[in-house]
Amino acid sequence: MQLRPTLALAGLLVLALSSCAANGGMENAAQPQTQINISAATSLHEPFEQLAQEFREQHPEILLSDISYDGSSTLATQILAGAPTDVFASADEPNMDAVQEAGLATTASIFATNTLVIAVPHGNPGNINELADLAKATTVLCAPEVPCGSAAKKLLDLAGVQVEAASLEQNVGTVLVKVATGEADAGLVYRTEIANEPTVESIIPPDAHKVVNSYPISVVDNASDDEQEVAKREAAEVFVDYVLSEHGQQVMSEYGFGSPSTSAQLKTEQK
Amino acid sequence: MTAQVDVGTRAPSLVLLPAVLAVALLVLPLMALLTQASWSTLWADVTSPQALQALGLSLRTGLLATVLCTLLGVPLALLIARSSPHVAQVLRALVAVPLVLPPMVGGVALLLLFGRTSGIGQLLEQLWGFTLPFSTAAVVMAQMFVALPFLVLTVEGTLRTSGAAYEQTAATLGAGRWMVLTRISLPLAAPGLLAGMILCFARALGEFGATALFAGNAPGRTQTMPLAIYTAFNGAGAGRESAVALSLLLLAAAVLVLVCLRAWRPGALK
Amino acid sequence: MTTGLRAAIRVARPSFEIDVQLDLEPRKTLALMGPNGAGKSTIVHAIAGIQHLTAGQISLNGTVLSGPGVHLPPHRRAIGLLGQQPRLFPHFDAAENIAFAARAAGLSKRAAQQVAHDWLERLGLMAFATQRPAALSGGQQQRVALARALAAGPKLLLVDEPFSALDVQAAVEMRELVREELSRTGTTAVVVSHSGADALALAERLLVIERGVVVQQGHTRQVLAEPATEFVRAVANSVPAGYESEPEKRCSP
């Protein structure tokens, strides 16, 4: 009977020792890690979490900090104010342009696209069938200042529908919440937002594919020759390439994002 | 010139550095607003129809919220001030909750209680065909939710400390409760009441979180100054400049409020 | 029918229990003396209705004010209180302070203003009628406070050391004024004081309490002449030799 506690204690000791050893081993094996910070638009949360997890496994030499998600505009402001960001993934081009104009972003690449759908509460109490129905219902949109709002405005203009929104929300998330809770009869949100929101139903308007939101990604860099900065720039490029890779694109499409070619095609059409 | 005498009441010099840092922490960000402002477009930004619309809405809703808070808050303050210490403590804690709560939470709570799908919301819609969310009334309610504690606690503190001895004196002179209230308690608490109303108005003017969630952001109807600032800030490029301009306008309003408050502090009337 | 003040006051306090029997004929003045902490203020507050009784009963002119299951609030007792602090309402001028009491007693606004005017004239304070209390001296404030207390028409006036915060000269003048006005208005009064001279000047009868109980009572002059405790002896010794008690004059027709 006396044996058991002793055994348990011994077990604990072994465990403790081995974990120490493991730690020590890791420290010895690891090359000096380069840490990079990523700022990404809120709508990218799910695919980027998956990509980040895979990236960490494949690139132990790069220490990827927790990704900071926020509205593209907030992130752009933070970067312009000197936030230590190494990669910026924006939900629209104007915010990326602002960072580029300040000389902080190198070449930006479109890595995903998104389109809008009409979201209605479960059971569609407002009886919404098309964009024109939004005019007479309690409709919530994104403010035209933010990417999803400017897209919504374009889409409604294309359909020739005038909507007096009950509220112009600051981001697509709160539009969705107001629809999901039934406060609004309808809202225009990104297609990708609907995917895992069981309390809302979506209607794809006929012109949806004509208004495409492009997501650019870029390394953020202050063009310093400092050794550490150069290492960070190179690590950041590895992550950007990972997102643009075939596998990266595969993940994006799994979460409902369109491929960059959609955006390119549309631009050609418009020309 | 008045000669200052050191009677040992001056603060020890050890507190100087942290104190200066504290002031810097509070003042420097506001200075940055001034230095970063784009002065050439400032006037145009501040006087743009959208800005004036938001300012007008803020002033109207803020004033209405202050009046309503006064009508509801003064009786509550009186009740707390005259309750037994135990009851007063409970009531005071209840009133203080919105003070420590993030206003966003208040917005969610208001939405859950008065939203279209809630019991009260459905009743309102059936009886009067009226829905609270996304209405100007919702703005006022959100402002009241966050501003009422300021009024109640300020007035309650004044009522409890300023007049107790005089109220007792008035009672021994044969004055009934109503006469004591209207002629002694309230006039003596007037400086505190005014301070409370100004604080209440200032808080209502700055309210953002609860409004954004409960009332939404519709220009002319629910877009108050803070919401207009946030919306402008969210727009890339030129939007940020007008956000700074509008912030300066709100800052000026806040300074004005504080100047009023200073002028009306008890003892300033001499 | 019982008239005047009949009080059996019992109030439990952490250190000791106050248990005092106190009777007072109408139009008479009783002095209440005792060391600090003897319970004088508690008794005054109990009569005024600010302090609840643990047991006992207080009645005034046949009406029960405090007793088992009865506690008339202060404003319905018609008992005035003139304390050490004048407590003039700071937001009213002198005339308004007095008029407030008259209004509280049910007079019309105009009549109350007349009462205030009459009082200020009699006290020689007409020049200060529109002054706020802060502009008045301590003695002037106490005179206005006395006028205010009496303008309410109290059936009983509690006078709780109103001279102690005044300088010697003002205190003597104030005491004289209180004596005159109590006599003129025929107001029944209980005077709390530390001074044997005050007691001799104002009260026919003296009640001395120590640690919550009565240790000596009787005619003021007699009590001071035959002190039963150290405290009373000290009070008696502090009265200037040859000091003449004046209530005797007041009582004689």
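Residues numbered from 1 in each chain as written. Chains lettered and ligands numbered in written order. Predicted model: local features only at pLDDT ≥ 70, side-chain atom pairs only at ≥ 80, totals over all residues. Heavy atoms only, no water.

1. Topic: the domain arrangement of chain A
Residue and element names in this part refer to chain A.
Right, so step 1: Assigned domains within chain A: domain 1 (33-113 + 214-269) and domain 2 (116-210).
Right, so step 2: Here the C-alpha centroids of domain 1 and domain 2 sit 27 Å apart.
Right, so step 3: Taken together, the contact between domain 1 and domain 2 spans ten residues of the former and eight residues of the latter.
Right, so step 4: Contact between domain 1 and domain 2 buries roughly 690 Å² in total, counting both sides, with carbon and sulfur atoms accounting for 52%. (Domains from an automatic or database assignment. Contact = heavy atoms within 4.5 Å. Buried area = accessible area lost by both parts, 1.4 Å probe.)

2. Section: the arrangement of the chains
Right, so step 1: There are two pairs of chains in contact here; the most contacts are made by chains A and B.
Right, so step 2: There is a clear gap between chain A and chain C: no contact, and 50 Å between their nearest C-alpha atoms.

3. Some details on helix 4 (residues 93-101) of chain A
All names here are of chain A.
Right, so step 1: Taken residue by residue, helix 4 has N95, M96, A98 and V99 as its buried positions. Down the axis of helix 4, the smallest arc covering the buried residues is 155°, so these residues share one side.
Right, so step 2: Positive backbone phi, approximately 75°, marks G103, located one or two places after helix 4. (Buried < 20%, exposed > 50% of the residue type's maximum accessible area, 1.4 Å probe, protein only. Helix = DSSP H or I, 4+ residues; strand = E, 2+ residues; numbered from the N terminus. Arc of directions from axis to C-beta.)

4. A short note on the interface of chain A and chain B
Right, so step 1: Contact residues are listed per partner, giving 25 residues for chain A and 21 residues for chain B.
Right, so step 2: Taking both partners together, chain A and chain B bury about 1,900 Å²; carbon and sulfur atoms supply 49% of that area.
Right, so step 3: Our count for the chain A to chain B interface comes out at two salt bridges.
Right, so step 4: Residue B:R116 pairs with A:D185 through a salt bridge whose shortest N-O separation is 2.5 Å.
Right, so step 5: Here chain A and chain B share twelve residue pairs in polar contact (both at pLDDT 80 or more) between them.
Right, so step 6: If you list the elements that add at least two residues to the side of chain A that touches chain B, you get helix 3 (72-80), helix 4 and strand 9 (167-169) of chain A.
Right, so step 7: Taken together, the residues that form the side of chain A that touches chain B break down as ten nonpolar, nine polar and six charged. (Salt bridge = Lys/Arg side-chain N within 4 Å of Asp/Glu carboxyl O. Polar contact = N/O pair within 3.5 Å; in protein donor to acceptor, adjacent residues only side chain to side chain. Nonpolar A, V, L, I, M, F, W, Y, C, P; charged D, E, K, R; others polar.)

5. Focus: the interface of chain B and chain C
Right, so step 1: Each side of the interface is counted separately: chain B has 17 residues, and chain C has 20 residues.
Right, so step 2: The contact between chain B and chain C buries some 1,700 Å² in all, and 72% of this surface belongs to carbon and sulfur atoms.
Right, so step 3: On the chain B side of the contact with chain C, B:T172, B:L173 and B:R183 bury the most area, a combined 37% of that side's loss.
Right, so step 4: Where chain B packs against chain C, one counts zero salt bridges.
Right, so step 5: One can count two residue pairs in polar contact (both at pLDDT 80 or more) joining chain B with chain C.
Right, so step 6: Sorting the residues of the side of chain B that touches chain C by element identifies helix 8 (164-172) and helix 9 (177-188) of chain B as the ones contributing at least two each.

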